[in-house]
Amino acid sequence: MTDLPQGVQIKVKGIVQGVGFRPFVFGLATQLHLTGWVRNSSSGVDILLNGSIDGLQAFLDQLTSHPPALAKIDLIISNPVPPQDFADFTILPSLVEEGQFVPISPDMSICADCARELFDPTDHRYRYPFINCTNCGPRFSIIQDIPYDRPKTTMAGFKMCPVCDKEYHDPLNRRFHAQPIACDDCGPKVWFESKGEHLAAREDAIQMARTWLRAGKIIAVKGIGGFHLACDAKNDKAVTALRNRKKRSDKAFALMAFSEEIIQRYCEVSPAEAELLESPQHPIVLLETRGNSDLSANIAPGQASLGFMLPYTPLHLLLLEPAPDFPEIFVMTSGNTSEEPVAYTDADALNRLAGIADGFLMNDRPIHMRVDDSVYRLIKEKPYPIRRSRGYAPDALQLPLPALPTLACGAELKNTFCLTQESYAFVSHHIGDLENYETLASFESGIEHYKRLFRVEPQLIAADLHPDYLSTKYAQELAKRTALPFIQVQHHHAHLAACLADNGWASLDPVIGLTFDGTGLGTDGVIWGGEVLVGGYAGFERRYHLSEAPLPGGEAAIRHPARIALAYLDHFGLEWNPEFAAVEALCAQDRIMLQSMLSHKINTPLTTSMGRLFDAVSALIGIRATATYEGQAAIELETACDASVPEAYSIPFSKEEILISPLFQQIVKDLEQNTSVGTISARFHNGLARMAADLCSQIRSEKGIRAVAFSGGVWQNKTLLLKTFYLLEQRGFTVLLHRQVPTNDGGICLGQVLIANQILNN
Ligand code: ZN
Ligand code: ZN
Ligand code: FE
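Values in this document were obtained by computation on a predicted structure and should not be read as measured data.

### Comments concerning the packing of helix α17 (residues 610–620) against helix α19 (residues 661–672)
Then step 1. For the pair α17 and α19, interaxial distance at closest approach is 11 Å and the crossing angle is 15°. What the angle tells us is that α17 and α19 run roughly parallel. Like other packed secondary-structure pairs, α17 and α19 cross with a definite hand, here right-handed. The segment α17 lies against α19, with L613, A616, V617 and L620 engaging L663, F664, I667 and L671.
Then step 2. Across the contact of α17 with α19, the residue classes tally to eight nonpolar, no polar and no charged.

### Things to note about the coordination of the zinc ion (ligand 2)
Then step 1. Those donors, C161 (SG), C164 (SG), C183 (SG) and C186 (SG), are the protein atoms that reach the zinc ion (ligand 2), and they lie 2.2 to 2.3 Å from it.
Then step 2. One way to put it: the four donor atoms around the zinc ion (ligand 2) meet at angles of 100 to 116°, and that makes the site tetrahedral.
Then step 3. Written as a sequence motif, the donor residues of the zinc ion (ligand 2) are C-x2-C-x18-C-x2-C. Note that C164 is positioned in helix α4 (residues 162–168) and C186 in the loop between α4 and β6 (190–194), a separation of 22 residues in sequence. Of the two residues, C164 and C186, both sit in the buried class.

### Focus on the nonpolar core
Generally speaking, nonpolar side chains in soluble globular proteins are found buried as a group.
Then step 1. Core analysis: the largest hydrophobic core is formed by 113 residues, its most contacted members being L361, L514, L613 and F664.
Then step 2. Tallying contributions element by element places helix α20 (residues 677–703) first for this core, with ten residues.
Then step 3. Beyond its immediate stretch of four places on either side in the chain, F664 contacts Y568, L569, F572, L574, L613, A616, V617 and L620.
Then step 4. By size, the runner-up hydrophobic cluster in this structure holds 42 residues, among which are A220, A274, L306 and L378.

Thresholds, definitions, all that
- Residues numbered from 1 in each chain as written.
- Chains lettered and ligands numbered in written order.
- Predicted model: local features only at pLDDT ≥ 70, side-chain atom pairs only at ≥ 80, totals over all residues.
- Heavy atoms only, no water.
- Axes fitted to C-alpha atoms, helices over the stretch in contact; angles between N-to-C directions.
- Helix = DSSP H or I, 4+ residues; strand = E, 2+ residues; numbered from the N terminus.
- Parallel < 35°, antiparallel > 145°, perpendicular 65-115°, else oblique.
- Left-handed = near helix turned anticlockwise from the far one by under 90°.
- Contact = heavy atoms within 4.5 Å.
- Nonpolar A, V, L, I, M, F, W, Y, C, P; charged D, E, K, R; others polar.
- Donors = N, O, S within 2.8 Å, 3.2 Å for Na, K, Ca; no water.
- Tetrahedral: all angles 85-135°; square planar, octahedral: opposite > 155°, others 65-115°.
- Buried < 20%, exposed > 50% of the residue type's maximum accessible area, 1.4 Å probe, protein only.
- Core = buried A, V, L, I, M, F, W, Y, C linked by side-chain atoms within 4.5 Å.

Following this line, the structure appears as structure tokens:
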């Protein structure tokens, strides 16, 4: 009886627009001899099909198992309907429904088909730097409003030529309704300029940029979500000049190479790492170096890993195309000076980067939304986000529990915000450190943009407990203006909830939260950061915390690890031995001033920060006395760790306190015996891992809880993470790691959403 025609109505939700979904449905239906139609609606894609049961079943199987590459299907609803009289299968015009929304695709790296055409001399788009199709290219960064159609993107000003127009309207073409479709006849163009002088256009511009790069110059390159600063990574003079011109920070520069084979020469690349490098997102992947490379030492000072990405736009491929005597590794760092957001408009880049870049590889496709490169590393063979941005944002995450439409404003550093709608959480791209006007402005305009794109009218506003964070102040004022409920969430509680939500934890059951972090305001007014919480979305108990110690200069201490070391020694009654590196690092005058600050308790708030403990140990043993960015001393302490050392410092704990005084006694003793820094670092890491595991065992014996969530910036330390993970696994715990949002403050906003909704409900 299977040949009798049947009807079925299908609704598909998720990222199904702008990703070649309708051509895919058209092709599949035609191939299976089904009739009916497909159309975009404001909430997804609607399909009506007539055909044999076998055909319909095959259609649904294919839809589920082999959807288009960039589609992300959240839900397929299919209902039988009476068969209708269709002659064929057609694509109907889009249906606009009020108040509905569709998730928007992030910007995607160039696909294999487009990359092949780019280098095919017979192709219409041969060497065209903006070739793209429905499977690849810019999306989020060019969208001004929805529905996602060309007039509402920054491509609106480019009128399609007959060739592009034909492909755009052909349902069987790979570029059917590819909104950024373009070619050299009708689309954006590149040019090269320096000091306000237009020097070359099109292919010549790319070749000139290559010549300048080869000659050791620094080039600003306009990409998908902003400008990069590029130079030859082996040219130490160029790399050093770039670092000096960007000012101050020693933060690692990201690198780009034409192919994974080239990266293999410099770093270990596991199959899982290769897969992530080559994924449609093309993030920066942190890879272990092979050592002894001829790359400039100024790329990632003091680090054992390098951040590599593959070319993700056709322009990158043309710029990096291998040739004899042409460099094979390029610095591709964000186009900014150290503290500011990345430049993304032409005028801003030409102005702000004028003192950094020798030349500019420009183009006339406007960028609507600034999007930084994402940064990932592999933990346990799976991606672990450090910065979630291009390629990932604004992908919707699934909320594990119901929530009102909520705006959560995140924290201060590495800020992201989150807006929710139905069961979706739109965690923003990386905004940056909310420490200056420019970043605050992009935070505010970003919120407005997301509200408009995803049709969110928040009914609840959440922010951090810290009253001085600019994100908190913004939220507070917004709540006042709109009379919406406003809930402030403790920083480490938010970390814990973020990790739970990240793992789809769908109950209010408590877990053990190892929230090891830099700093966040505690409920008692103390700056927290080394916290063992027991709790969930609905609340928490602060079960253990590090001993309190003074933080000289408050937040400013992050730049002065040596001062932290001395403050900790003083606090725990240990001598400032003049032979200790941290003591030597301060001149006599500074020491006297510090001593006076400590004894009179002037500007020395107490902290239980785990990040600052790392800083103190790093400085104490002579690794780093002053830092140019948060976490630098800790990163270098991890780099120094000797993996062959099995011993651990003993870190005892009392009823509520993790005692760090004995830890310092042991380190001081090791220093006096001239123990190597590699050994001290290893004993420190091993001691922390053992302590964390022992605390979890203690809590399990009291409460029977077996799930442990790792959250907070300290878990960017892979050495500590793997050691602790290993011990907990051995003891039968379930460990929850961040997988979708960063473990650092870039994940905070997601936790704020869940907690604020629970608080409001009770
Ligand atoms: Zn493509
Ligand atoms: Zn064209
Ligand atoms: Fe934090």
